[in-house]
Amino acid sequence: MPELPEVETIARNLREGNSQVPSVMGMRVTGAEVFWTRTIAQPDSKAFVTLVRGQEIRGVSRRAKYLVFELSEDYMLVHLRMSGDLILCPAGESCANHVRMRLQLDRDWQLDFNNPRKFGRVWLLEDPADLFSSLGPEPFDPTLTPEGFFASLSRRKRQIKPLLLDQGFIAGMGNIYTDEALNLAKIHPLTRADELDQEQADLLLESIRRVLNDGIRRNGASIDWVYQGGDFQNYFRVYQRTGEPCPDCGTPVERIVVGQRGTHLCPQCQTLG
DNA sequence: CACGAGACCTGTTCGC
DNA sequence: TGCGAACAGGTCTCGT
């Protein structure tokens, strides 16, 4: 589930609460359990448990696809990777089947890191800067202008889809929103980045922002068993819609493989120059 | 630098 | 029904 809109939704729900759960702001960590040791990337899991205890949650935000917990002493960063989710669950209850790490909180809540495929990771750091140093700009950063975006594209010879998935080029895009944005912008995923003109770059940046915004507005996308919450999956244009009509021209959507990722496109709208 | 393949993991779905 | 293959929202590392 976790691309920018899903991570943003999780951060917002934890920060602000919703009809089901309260905000975690001001809650204190009274203990931690690690059920899959490799979940903790830094420090080691034993040190993590010791260090995190007693810290108060003072902020929850997002950078790229990382959840950023500002604690009283450190920052806790969580990357959900392919199948992770964070669930605020009443203390002592079982809200998920694959919990790899749990923070016990006061006020009778616990924060469960559910993660069936065990790819997700957690860091506890004094300063998150090193983790973030190689990340590209946030898509909504106002200093990311159409002109600057075009200039960045012009310097790259990679295919546009793998480039958009590269978190060092632009942060937060994943397989869903990349396919959606490229279809909206009518750009073939194999197009070389330096072959796009200014007009296409403008449209691509606008499309990226539009699909991400739509995703956020719908609380993200919920595909299959991994995640419940959003309903953006009902508004996909091409992602996992192989054989269904392109929303613009009606041509059946095709599936190809690009960089080992399933890729969905309209062969009529998105052609190679 | 660009690219492809393989790793890391478990669960679901599809085809025979 | 059963069983293996294919596939899944991500990222890292290695070889060419």
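Provided above is the structure to which this section pertains.
Cut-offs used in this document
- Residues numbered from 1 in each chain as written.
- Chains lettered and ligands numbered in written order.
- Predicted model: local features only at pLDDT ≥ 70, side-chain atom pairs only at ≥ 80, totals over all residues.
- Heavy atoms only, no water.
- Near = heavy atom within 4 Å.
- Polar contact = N/O pair within 3.5 Å; in protein donor to acceptor, adjacent residues only side chain to side chain.
- Nonpolar A, V, L, I, M, F, W, Y, C, P; charged D, E, K, R; others polar.
- Core = buried A, V, L, I, M, F, W, Y, C linked by side-chain atoms within 4.5 Å.
- Buried < 20%, exposed > 50% of the residue type's maximum accessible area, 1.4 Å probe, protein only.
- Helix = DSSP H or I, 4+ residues; strand = E, 2+ residues; numbered from the N terminus.
- Contact = heavy atoms within 4.5 Å.
- Pairing = 2+ DSSP bridges.
- Axes fitted to C-alpha atoms, helices over the stretch in contact; angles between N-to-C directions.
- Phe/Tyr/Trp six-rings, centres within 6.5 Å; stacked < 30°, edge-to-face > 60°.
- Disulfide = S-S within 2.5 Å.
- Salt bridge = Lys/Arg side-chain N within 4 Å of Asp/Glu carboxyl O.

Asker: Looking at this structure, I do not really get the protein's contact with DNA strand B. What am I missing?
Answerer: Surrounding DNA strand B, one finds 13 residues, the nearest of these being Arg-38, His-98, Arg-117, Lys-118 and Gln-260. Protein-proximal atoms of DNA strand B, defined as those within 4 Å of the protein, fall in sugar or phosphate at a share of 65%. The separation between a phosphate oxygen of DNA strand B and a polar side-chain atom of Lys-118 is 2.8 Å. The side chain of Arg-156 places a nitrogen or oxygen atom 3.4 Å from a phosphate oxygen of DNA strand B. For the surface near DNA strand B, a count of residues per class yields four nonpolar, three polar and six charged.

Asker: Even after reading the chapter, I still don't get the nonpolar core, so can you show me in this structure?
Answerer: Note on soluble globular proteins: their nonpolar side chains tend to be buried together. In this structure, Phe-48, Phe-69, Met-76, Leu-86 and Leu-103 are the most contacted members of the largest nonpolar core, which totals 31 residues. Of all the elements, helix 1 (residues 4-16) adds the most residues to this core, at four residues. Contact partners of Phe-48, with chain neighbours within four places excluded, come to Ala-32, Val-34, Ile-40, Pro-43, Met-76, Met-101, Leu-103, Val-122 and Leu-124.

Asker: What is the right way to read the sheet that holds strand 3 (residues 57-63) from this model?
Answerer: Backbone-to-backbone hydrogen bonds join strands into a sheet, with any given pair of strands oriented parallel or antiparallel. Ordered in space as 2-9-5-4-3, the five strands form an open sheet in which the pairing is mixed. Edge positions in the sheet fall to strand 2 (40-42) and strand 3, since each of these pairs with one other strand and no more. Between one strand axis and the next, the sheet turns by 25 degrees as a mean value, whatever way the strands run. Across two bridges, strand 2 lies against strand 9 (residues 121-125) in parallel orientation. Directly across from Gln-42, in strand 9, lies its bridge partner Trp-123. Across the sheet, helix 1 touches strand 3 and strand 4 (66-71), and the angle it forms with strand 3 is around 165 degrees.

Asker: I'm lost on unusual backbone geometry in this one. Help?
Answerer: Leaving glycine aside, a negative phi is the common case for residues, and trans is the common case for peptide bonds. Look at the link from Gln-42 to Pro-43: it is a cis peptide, with omega at -10 degrees. Phi angles above zero are rare outside glycine, and Asp-108 is one such case at about 65 degrees. Among the secondary structure elements, Asp-108 is positioned in the loop between strand 7 (99-105) and strand 8 (109-114). The backbone phi angle of Gln-240 is positive, close to 55 degrees, even though this residue is not glycine. Note on placement: Gln-240 falls in the loop between helix 7 (198-217) and strand 10 (254-258).

Asker: I keep staring at the sheet that holds strand 7 and nothing clicks. Help me out?
Answerer: Taken in spatial order, the four strands make up an open sheet running 1-7-8-6, and their pairing is antiparallel. Strands with a single pairing partner mark the edges of an open sheet, and in this sheet they are strand 1 (29-34) and strand 6 (85-90). Averaged over all pairs of adjacent strands, the angle between strand axes in this sheet comes to 20 degrees, irrespective of strand direction. The sheet contact formed by strand 6 and strand 8 spans six bridges and is antiparallel. Of the residues in strand 8, the one forming a bridge with Cys-89 is Gln-110.

Asker: I tried to follow the packing of aromatic side chains on my own but got confused; where do I start?
Answerer: One pair of aromatic rings is described through two measures. These are the centre distance and the angle between the planes. One pass over the full model with this rule turns up six aromatic pairs. Aromatic pair Phe-236 and Tyr-239: ring centres 5.4 Å apart, planes at 85 degrees, arrangement edge-to-face. Classification of Phe-236 as buried rests on a relative accessible area of 8%. Residue class for Tyr-239 comes out buried when judged on its relative accessible area of 11%. Here the aromatic residues Tyr-177, Phe-232, Phe-236 and Tyr-239 are joined through ring pairs into a cluster of three or more.

Asker: How do you make sense of the state of the cysteines when you look at a structure like this?
Answerer: Where two cysteines share a covalent bond between their sulfur atoms, that bond is called a disulfide. A full pass over the atoms with the stated rule returns one disulfide. The disulfide that involves Cys-89 links it to Cys-95, with 2.1 Å between the sulfurs. A torsion of 80 degrees about the S-S bond marks the disulfide between Cys-89 and Cys-95 as right-handed. Sulfur of Cys-246: no disulfide; nearest cysteine sulfur belongs to Cys-266 and is 3.7 Å away. Among the cysteines around Cys-249, which has no disulfide bond, Cys-266 carries the closest sulfur, lying 3.5 Å off.

Asker: Mind showing me how you'd approach the pattern of salt bridges here?
Answerer: If you walk through the whole model with that rule in mind, you get 15 salt bridges. Put simply, Glu-138 and Arg-63 hold a salt bridge, and the shortest N to O gap is 2.8 Å. Of the two residues, Glu-138 is situated in the loop between helix 3 (129-132) and helix 4 (146-154) and Arg-63 in strand 3; the sequence distance between them amounts to 75 residues. On the basis of relative accessibility, which here comes to 16%, the residue Glu-138 falls in the buried class. In this structure, Asp-194 engages Arg-192 in a salt bridge whose closest nitrogen and oxygen atoms are separated by 2.8 Å. The class of Asp-194 is partly exposed, set by a relative accessible area of 24%. Beyond isolated ion pairs, a larger network of salt bridges with shared partners links Glu-8, Arg-62, Arg-63 and Glu-138.

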